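Residue-level listing of the chains:
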Amino acid sequence: MEAKEASTPATGGGCSVSAEEIEKWMEEAMQMAKEALENIEVPVGCLMVYNNEVVGKGRNEVNQTKNATRHAEMVAIDQALAWCRGSGRSPSAVFERTVLYVTVEPCIMCAAALRLMKIPLVVYGCQNERFGGCGSVLDIASADLPNTGRPFQCIPGYRAEEAVEMLKNFYKQENPNAPKSKVRKKECQRS
Ligand SMILES: [Zn+2]
């Protein structure tokens, strides 16, 4: 909610974003979330922006990879690291000036990763009631935890209703893991 009404730039760890930037990049993150939904993944989309350039983007790939850690943020971090390698830049110098946009509040795992990578500012859509690491379940983002990276600033609530709607659409689908259900069906038919 706050982000929608914000007309002044928001800051975090030396990074600042304008309302226009938030609008532009969150639109792209929402598109990534839609793509996830179309691919029967939990609809979460993420974008990492450094110096007004997208250096990493990702959507949930958990079902596709059968890897529970392939959240949108993790996919985007891997891309951003590859971008650093490709452009000969130091990841730490890039990450500490990167803003991360994501359609759903980062989970506990991702929030811890964002701390470790020292990303200063995170703009997100709806809250993550189940696993949220920016205050919904645990407050990893601003907790005083020694030797676990750096706390980061959050701007929550941008296009939250749309993000929630997409999550609801996903959970309405009968079975998020289609190949497994096919196997089960076959087994049932045989017996
Ligand atoms: Zn996560």
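Presented here is a report on the structure given in the accompanying data block. This one's a predicted model, so the numbers in the text were calculated from it and none came from an experiment.

A separate point is helix H2 (residues 19-38). Note on helix geometry: an α-helix contains 3.6 residues per turn, so any two residues three or four positions apart are oriented the same way. Here H2 contains 20 residues, and its C-alpha end-to-end distance of 28 Å stays within 8% of the 28 Å for a straight helix at 1.5 Å per residue. Among the residues of H2, Ile22, Trp25, Met26, Ala29, Met30, Met32, Ala33, Ala36 and Leu37 are the ones counted as buried. Projection of H2 onto a plane perpendicular to its axis shows the buried side chains occupying an angular sector of 160°, all on one side. The exposed residues of H2 that point more than 90 degrees off its buried face are Glu20 and Glu38. Just downstream of H2, isoleucine 40 is the residue with a positive phi angle, here 55°.

A word on the sheet that holds strand E5 (residues 98-104). One open sheet holds the five strands; their spatial order is E4-E3-E5-E6-E7, and the pairing between them is mixed. Of all the strands in the sheet, just strand E4 (53-59) and strand E7 (153-155) have a single pairing partner and so form its edges. Looking at each pair of strands side by side, their axes are set apart by 20° on average, direction ignored. Pairing of strand E3 (residues 45-50) with E4, which is carried by six bridges, proceeds in the antiparallel orientation.

Applying the stated criterion across every chain, the model contains two aromatic pairs. The interplanar angle of 65° and the centroid separation of 5.9 Å between the aromatic rings of tyrosine 50 and tryptophan 83 together place this pair among those described as edge-to-face. Linking tyrosine 50 in strand E3 with tryptophan 83 in helix H4 (residues 72-87), this pair joins segments that are 33 residues apart in sequence. Here the aromatic rings of phenylalanine 170 and tyrosine 171 are separated by 5.0 Å at their centres, their planes lie at 80°, and the arrangement is edge-to-face. On the basis of relative accessibility, which here comes to 3%, the residue phenylalanine 170 falls in the buried class. You can call tyrosine 171 partly exposed: its relative accessible area is 46%.

What follows deals with the environment of leucine 100. Residue position: leucine 100 is located in strand E5. On the accessibility criterion, leucine 100 (0% relative accessible area) is buried. Once you skip the residues sitting within four places of it in the chain, leucine 100 turns out to touch Cys46, Leu47, Met48, Glu73, Leu114, Ile119, Leu121, Val122 and Val123.

Take the packing of H4 against helix H6 (residues 108-117) next. Closest axis-to-axis distance for the H4/H6 pair is 10 Å, and the angle between their directions is 25°. With respect to H6, the axis of H4 lies roughly parallel. Across the interface between the two elements, Glu73, Met74, Ile77 and Leu81 of H4 pack against Met109, Cys110, Ala113, Leu114 and Met117 of H6.

The next point concerns the pairing of E3. With respect to burial, E3 is a largely interior element, six of its six residues being buried. Residues of E3 alternate between two faces, with Gly45, Leu47 and Val49 on one and Cys46, Met48 and Tyr50 on the opposite face, all of them buried. In sequence, E3 turns back onto E4 through a hairpin of two residues, with asparagine 51 there showing a positive phi of about 55°. Across five bridges, the pairing between E3 and E5 is antiparallel. Its bridge partner lying in E5, leucine 47 is registered against tyrosine 101.

Rules and cut-offs
Residues numbered from 1 in each chain as written. Predicted model: local features only at pLDDT ≥ 70, side-chain atom pairs only at ≥ 80, totals over all residues. Heavy atoms only, no water. Helix = DSSP H or I, 4+ residues; strand = E, 2+ residues; numbered from the N terminus. Expected span 1.5 Å × (residues − 1). Buried < 20%, exposed > 50% of the residue type's maximum accessible area, 1.4 Å probe, protein only. Arc of directions from axis to C-beta. Pairing = 2+ DSSP bridges. Axes fitted to C-alpha atoms, helices over the stretch in contact; angles between N-to-C directions. Phe/Tyr/Trp six-rings, centres within 6.5 Å; stacked < 30°, edge-to-face > 60°. Contact = heavy atoms within 4.5 Å. Parallel < 35°, antiparallel > 145°, perpendicular 65-115°, else oblique.

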